[in-house]
Amino acid sequence: MRLRTALLLSLLPLAGAAVSATPPAQDDEAAPAVITVHYRDRAELRQAATRFQHMVVDERARTARAEASYADYRALRRLGLRVEIDRAASQR
């Protein structure tokens, strides 16, 4: 619980950062991006989680954040999940 709280608190400065639903340019495929995945239920969260070793989950907002490749982004979109890219966090 403490770890989750610490992780979520570390993301507070990013809360106001610009996000985008458009994918990164294909020439950026090798560069990972910080993404937020919106899920409706645990089944969708489990589907998304199979692609990542670590995700920061906000159960109240039903979102999960992770560092993802362009292939990960495309796969999540094909699953029908709403995915946003945090460009400011991705550039860090």
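Up top is the structure.
Residues numbered from 1 in each chain as written. Predicted model: local features only at pLDDT ≥ 70, side-chain atom pairs only at ≥ 80, totals over all residues. Heavy atoms only, no water.

Caption draft 1: How the structure looks around unusual backbone geometry. Positive phi values are uncommon outside glycine, yet R62 reaches one of about 55°. Mapped onto the fold, R62 is located in the loop between β2 (56-58) and β3 (63-68). By relative accessible area, R62 is classed as partly exposed at 41%. (Helix = DSSP H or I, 4+ residues; strand = E, 2+ residues; numbered from the N terminus. Buried < 20%, exposed > 50% of the residue type's maximum accessible area, 1.4 Å probe, protein only.)

Caption draft 2: Quick peek at the environment of R82. Relative to the elements of secondary structure, R82 occurs in strand β4 (residues 82-86). Distance from R82 to T63, taken between C-alpha atoms, is 9.7 Å for residues 19 residues apart in sequence. Contact partners of R82, with chain neighbours within four places excluded, come to T36, V37, H38 and R77. At 3.4 Å, the side chain of R82 and the side chain of E84 are in polar contact. (Contact = heavy atoms within 4.5 Å. Polar contact = N/O pair within 3.5 Å; in protein donor to acceptor, adjacent residues only side chain to side chain.)

Caption draft 3: Local environment of the sheet that holds β4. One open sheet holds the four strands; their spatial order is β2-β3-β1-β4, and the pairing between them is antiparallel. Of all the strands in the sheet, just β2 and β4 have a single pairing partner and so form its edges. Adjacent strand axes in the sheet meet at a mean angle of 25°, parallel and antiparallel pairs treated alike. Where β2 meets β3, three bridges bridge the pair, whose relative direction is antiparallel. (Pairing = 2+ DSSP bridges. Axes fitted to C-alpha atoms, helices over the stretch in contact; angles between N-to-C directions.)

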